[in-house]
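Observations on chain architecture
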Amino acid sequence: MKVTVLGFYGGYPTKGVGTSSYLIELNDFHLLLDVGSNSLLTLEKYVDPIDLDAVLLSHYHHDHIADLGVLQFTRLLKRDDKGNKPHLLPIYCHNEDVDNFNKMSFENVSQGIAFNEESELTIGPFKIEHMKTLHPVPCYAFRITEEKSNKTMVFTADSGYKEDFIGFAKDADLLIADSNFYEGMENHTVHMTAKECGRIANKANVKKLLLTHLPQTGDLNQLVEQAQDEAPSIPIELAHKEMIINV
Ligand code: ZN
């Protein structure tokens, strides 16, 4: 699968870079994972929004869904070269917040499809496993596996440190982890530190760690150093805009 980082800041966009959003592609299948601020303009450089096949949402905080309404409007108004309307867009998300879940369905444009902790999900060529995270609102991490090759990426979404991430991310080819905090903020109930992300990566034996949901302040290279202290042998990188990772 090919992962393109469309936005990586936590909370709010800055300096032309948006918040959480990743395009995950395999062959001709285009899955959008979270739809943060500014994601639609960046997405358009790679895939026409009317050609998206599905959307997967971790939770309903603004920095993960800010561009969802304009994605729905794009698919309401835009036509392809032959004048055809796009298909009904499936948006996979939890329904533990009924008001937000109901907004995912928009007549003839998109359909909210709820998952819960027990359900098994397949989206196009991907098997999706999910795990509830530690966050002030219901939020899910995802383990996304190519059914044919077994290549796997894990996305922690937003979370404080949970020991369960070690099993959930076991042997993943790529771990994309919420590293919103610098060292010293461990055991927070909203986000992780880079050090905690490194610990998970090391214990889960992942092949690569990508630090994301980054803060707007401080020296981001320190995050890499702090994660690397916990995972000396694992390649670790900071997310950057339009970074492409082939998993
Ligand atoms: Zn959040």
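Anything mentioned here points back to the structure above.
Here's a quick rundown of the structure. Numbers given for residues are sequential positions, taken from 1 along each chain in its written order. Per-residue local features are limited, in this predicted model, to residues with pLDDT of at least 70; the limit for side-chain atom pairs, both in listing and counting, is 80 or more; totals at the level of whole chains, interfaces and linings are taken over all residues. The basis for the side-chain values is all heavy atoms of the structure; hydrogens and waters are excluded.

Looking at the coordination of the zinc ion
Metal donors were taken as nitrogen, oxygen and sulfur atoms no farther than 2.8 Å from the ion, or 3.2 Å where the ion is Na, K or Ca. Water is excluded, so coordination may look unfinished. The zinc ion binds to the protein through His59 (NE2), His61 (ND1), His135 (NE2) and Asp158 (OD); the donor distances cover 2.2 to 2.3 Å. In short, tetrahedral needs four donors with all angles between 85 and 135 degrees, square planar needs four and octahedral six donors with opposite donors over 155 degrees apart and all other angles between 65 and 115, and whatever is left is irregular. Classification of the site at the zinc ion as irregular follows from its 4 donor atoms and the range of 90 to 168° in their angles at the metal. Read N to C, the donor residues that coordinate the zinc ion are spaced as H-x1-H-x73-H-x22-D. In this pair, His135 sits in the loop between β9 (126–132) and β10 (140–146) while Asp158 sits in the loop between β11 (152–155) and α5 (164–168), placing the two residues 23 residues apart along the sequence. Among the residues examined, His135 registers a relative accessible area of 11% and is labelled buried. For helices the rule is a DSSP run of H or I covering at least 4 residues; for strands it is a run of E covering at least 2, with both sets numbered from the N terminus onward. Each residue is assigned to one of three classes by its accessible area relative to the maximum for its type, calculated with a 1.4 Å probe on protein chains only: buried under 20%, partly exposed between the two thresholds, exposed over 50%.

Some remarks on the pattern of salt bridges
For salt bridges, the criterion is a side-chain nitrogen of Lys or Arg within 4 Å of an Asp or Glu carboxyl oxygen. Enumeration over the complete set of coordinates arrives at 10 salt bridges. The partner of Lys132 in a salt bridge is Glu96, and the shortest N-O contact between them spans 2.6 Å. In this pair, Lys132 is assigned in strand β9 and Glu96 in the loop between β6 (89–94) and α4 (98–103), connecting sequence segments 36 residues apart. Since its relative accessible area comes to 36%, Glu96 is described here as partly exposed. Bridged by salt links that share partners, the residues Glu183, Lys195, Arg199 and Glu230 form one connected network.

Section: the environment of Ser58
Within the secondary structure layout, Ser58 lies in the loop between β5 (54–56) and α2 (62–65). Along the sequence, Ser58 and Ala157 sit 99 residues apart, while their C-alpha atoms lie 6.1 Å from each other. It only takes one pair of heavy atoms within 4.5 Å for two residues to be counted as in contact. Setting aside residues up to four positions removed in sequence, Ser58 forms contacts with Asp34, His64, His94, Pro138, Cys139, Tyr140, Phe142, Phe155 and Ala157. N or O atoms closer than or at 3.5 Å make up a polar contact, with two conditions inside protein: a donor-capable atom paired with an acceptor-capable one, and, for residues adjacent in sequence, both atoms drawn from side chains. Here His59 takes part through its side chain, which lies 2.9 Å from a polar atom of the side chain of Ser58.

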